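Now for the letters of each chain:
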Amino acid sequence: MRTGADLATIRERKPLVHQITNYVVMNETANATLALGALPVMAHAKEEVEEMASVAGALVLNIGTLSQPWIEAMLLAAKAANQAGVPIVLDPVGAGATRLRTETAKRILDEAEIAVVRGNPAELATLAGRQAEIRGVESIGASTSGSELAIAAATELGCVTAVTGPVDHVSDGTRLISVANGHELLGTVSGTGCMATAITGCFLAVARDRPLEAAAEALVAFGVAGEDAARGAKGPGTFHVALYDALYNLDPETIDSRAKAEG
Amino acid sequence: MRTGADLATIRERKPLVHQITNYVVMNETANATLALGALPVMAHAKEEVEEMASVAGALVLNIGTLSQPWIEAMLLAAKAANQAGVPIVLDPVGAGATRLRTETAKRILDEAEIAVVRGNPAELATLAGRQAEIRGVESIGASTSGSELAIAAATELGCVTAVTGPVDHVSDGTRLISVANGHELLGTVSGTGCMATAITGCFLAVARDRPLEAAAEALVAFGVAGEDAARGAKGPGTFHVALYDALYNLDPETIDSRAKAEG
Amino acid sequence: MRTGADLATIRERKPLVHQITNYVVMNETANATLALGALPVMAHAKEEVEEMASVAGALVLNIGTLSQPWIEAMLLAAKAANQAGVPIVLDPVGAGATRLRTETAKRILDEAEIAVVRGNPAELATLAGRQAEIRGVESIGASTSGSELAIAAATELGCVTAVTGPVDHVSDGTRLISVANGHELLGTVSGTGCMATAITGCFLAVARDRPLEAAAEALVAFGVAGEDAARGAKGPGTFHVALYDALYNLDPETIDSRAKAEG
């Protein structure tokens, strides 16, 4: 893992991260991407997603507020990205909560080559065919531990998985990296999971041949920013604001020494 | 009224509050819901709204940025919620400003059983067939005073009404509760009315057999949070941020003593 | 230029600024409009846009997250605004990045009378038929300098153009006003360009017979707010929050003395 070096590359190259994401977090993921140092672009019309995705550094698909035209756009964008060699990260928001979400996440995984799936335990357990309990888009429980789940889901889905929680587990089915950075206030702001996915897209854009490391590095960077943002925060509002400052002020020179990563 | 006890129940049970709301405030109402202690979920596809609404603790319908597919989804969700006994709160944003909004609000009220309608004086006056002036989504004036309007609209619409302003008036057509909590900075941030509606959904979720009290308690809680947020705010930006902190830090032990509620 | 006087008029009249804008920035432009002192309303359904646009003080069209129904709504709203004498400001977000965006911006300019187009150099260069490089929605370069571009695009498009950057250039094809207010942190927050466009709509609403001045005054006001917000900001998060406070606290008495405008 080389979080600092990859972060420096993001800031130097400013890769375009094309995001087809949900209405709730669009502003948040755009600002997180920009604060880290990459360039976000949101575009979802079927008339333009192929053109945009094929010139992007990475494509982020997030199914948080689905509807039919958006599903079609995600599939078109994903195929264009695959053809252009642009890596894709999928956030299966609410998979397990409704049939539409579960089926759409599976369909994207079937019809396109996904580099990384980042989700909570219930979402990943659902996609891996395990027992899980989800309330809306909040993971209540999964029958399998995070580390086992990351490995099992990676094997099942044939891609890198990032199962996030108090400790994050990232796996390609063989290797496992655990990341213990972060802060509990992250759970009090809507869309921090979606931001973690967008940040994963930023790292993938500069490390497309190392998706396991890119996913883990993104969680280190986001987690360290969360730790910085928590200092002085008085609740979810001030924490949320400080999170953008913290992403912007992440120091490539010292971040590797702050990583709580194993594996 | 038992604002503190119901707030404690919200934080303990974390009810799912399904929101079909406008694009402008989606992130804001999700974060207000989460900061208070409940779980927000946004879902608007006709393929999934029934499934989501029927497992929710409450359903919030907000017509702030309507279009035909969203209207259909709101009606489907409302009927599923009714069938499952899930209480519904309606925010008729901009009723009176365009025919589409007035007619959609009336249609939802006709075709579904609504527990609470929360709006500004012009919106409620429009729905109750009174004279009103609205500019965009801002109430400029209504021919009837807030307290009379709340009672008249509740009688006319057959549900609890919450008419918000410097003093809020909540009625079921018979009883009237007035809530004087709040702060004028609430009027300088877009979507604070929508947040009040979402918070009403949170309280309804734990007090579905007491919609009048739930609506009044929500306005007490939101108003007290507004008072806390105003302390130290330098304008709408810092106030908006502090509002999430304040919702998160509301104290169930002391909130009843801070309620400025009568009736 | 009379930025202070026009700002005072905005706060007195509270003009309705109807915005058909992108999902990413809807909350941000609504809050910027409100903080400045005008009333924002978002409405995009073809069933209501004509009704809303024709009673507005100004119409803002922003193509940041296009799809077919929104394009149709923008054209309907634009024609209704033209008929009612309501001035329109267009933000051609991402023109040059995809065919859909370039063609839609051109189509709006062809089919409606636009008072002001505000965009970055690459967007305006694309619309004026010049060479430009754009990455997503970020201008990377244009073959023509900002001042020349503003004049050439105004002549080509037959309306006022506002080309924003470290120094902004506003022209009606004959006259040129350059505005050097602002702060580099504006570039670190998503949607600040869109906010500048919304603010342009606010000034146009009270100065519809002086679109060149209105556009320049808006950039002075937004730039001065950016300067105020930068004081004490620790990064994009705290800057973004302070920007709303600063817009709210802009002083009509002193703003003209702070204008760095020439021409």
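The following refers to the structure shown. Numbering of residues begins from 1 in every chain and follows the order in which that chain's sequence is written. Chain letters and ligand numbers both follow the written order, the letters beginning at A and the numbers at 1. With the structure being a predicted model, the display of local features is reserved for residues of pLDDT at least 70 and the display and counting of side-chain atom pairs for 80 or more, all residues being used for whole-chain, interface and lining totals. Hydrogens and water molecules were not included; the side-chain quantities draw on all heavy atoms of the structure.

## Some details on the interface of chain A and chain C
For clarity, the cut-off: In what follows, residue pairs with any heavy atoms lying within 4.5 Å of each other are defined as contacts. Salt bridge, as used here: a side-chain nitrogen of Lys or Arg that lies within 4 Å of a carboxyl oxygen of Asp or Glu. Strands are runs of DSSP state E lasting at least two residues, helices are runs of H or I lasting at least four, and both sets are numbered from the N terminus onward. Think of it as three bins: nonpolar holds Ala, Val, Leu, Ile, Met, Phe, Trp, Tyr, Cys and Pro, charged holds Asp, Glu, Lys and Arg, and polar takes everything else, Gly as well.
Listed as interface residues are 27 residues of chain A and, on the opposing side, 30 residues of chain C. Linking A:Glu51 and C:Arg99 is a salt bridge whose minimum nitrogen-to-oxygen distance equals 3.8 Å. Put simply, the parts of the chain that give the side of chain A that touches chain C at least two residues each are helix H2 (26-36), strand S2 (39-42), helix H3 (49-54) and helix H10 (236-248) of chain A. Considering only residue class, the side of chain A that touches chain C consists of 17 nonpolar, four polar and six charged.

## Focus: the interface of chain A and chain B
Which entries qualify depends on this criterion: Summed over both partners, the accessible surface that disappears when two parts come together, traced with a 1.4 Å probe, is what is meant by buried area. Definition of a polar contact: a pair of N or O atoms within 3.5 Å, with one able to donate and the other able to accept a hydrogen when the atoms are protein atoms, and with sequence-neighbouring residues admitted only if both atoms are side-chain atoms.
The partner chain B presents 27 residues to the 30 residues of chain A that form the contact. Per-residue buried area on chain A facing chain B is highest for A:Tyr23, A:Val24 and A:Arg135; these three make up 24% of the total on that side. Inspection of the region where chain A meets chain B yields two salt bridges. At the surface where chain A touches chain B, the tally comes to 13 residue pairs in polar contact (both at pLDDT 80 or more). Among the secondary structure elements, those contributing two or more residues to the side of chain A that touches chain B are helix H5 (99-111) and H10 of chain A. Tallied by class, residues from the side of chain A that touches chain B come to eleven nonpolar, 13 polar and six charged.

## Here's the deal with the nonpolar core
Generally speaking, soluble globular proteins have nonpolar side chains that are buried together. Rules: In this description, a nonpolar core means a group of buried Ala, Val, Leu, Ile, Met, Phe, Trp, Tyr and Cys residues linked to one another through side-chain atoms lying within 4.5 Å. Exposure is judged per residue with a 1.4 Å probe applied to protein chains only, and the accessible area is read against the type maximum: over 50% gives exposed, under 20% gives buried, and values in between give partly exposed.
Among the nonpolar cores identified, the biggest contains 163 residues, and A:Leu61, B:Leu61 and C:Leu61 are the most heavily contacted of them. Not counting the four nearest positions on each side in its chain, B:Leu61 is found in contact with B:Ile20, B:Met74, B:Ala78, B:Ile88, B:Val89, B:Leu90, B:Asp91 and B:Ile108. Counting residues in hydrophobic clusters, the runner-up holds 48 residues, among them C:Val17, C:Ala162, C:Val189 and C:Ala229.

## A short note on the relation of the copies chain A and chain B
Both copies of the chain are related through a single rotation about an axis accompanied by a shift along the same axis. What counts here: Here the copies are superposed with least squares, the fitted atoms being C-alpha atoms of residues at a pLDDT of at least 70 in both.
Once chain A is rotated about the relating axis by 120 degrees and shifted along it by 0.0 Å, it coincides with chain B to within an RMSD of 0.0 Å. When the rotation and shift are considered jointly, the pair of chain copies conforms to a three-fold rotation axis. Taking the C-alpha atom as reference, chain A places A:Tyr23 closest to the rotation axis, 3.8 Å from it. Residue by residue, only 7% of the interface of chain A is reproduced at the interface of chain B, so the copies engage with different surfaces.

## Re the side chain of B:Ser171
Residue and element names in this part refer to chain B. The topology assignment puts Ser171 in strand S9 (residues 168-171). Of the polar contacts made by the side chain of Ser171, one reaches the backbone oxygen of Arg175; its length is 2.7 Å. Beyond its immediate sequence surroundings of up to four residues, Ser171 is in contact with Ala150, Ile151, Ala154, Cys159, Val160, Thr161, Leu176 and Leu212.

On their own, these measurements won't tell you what the molecule is for.
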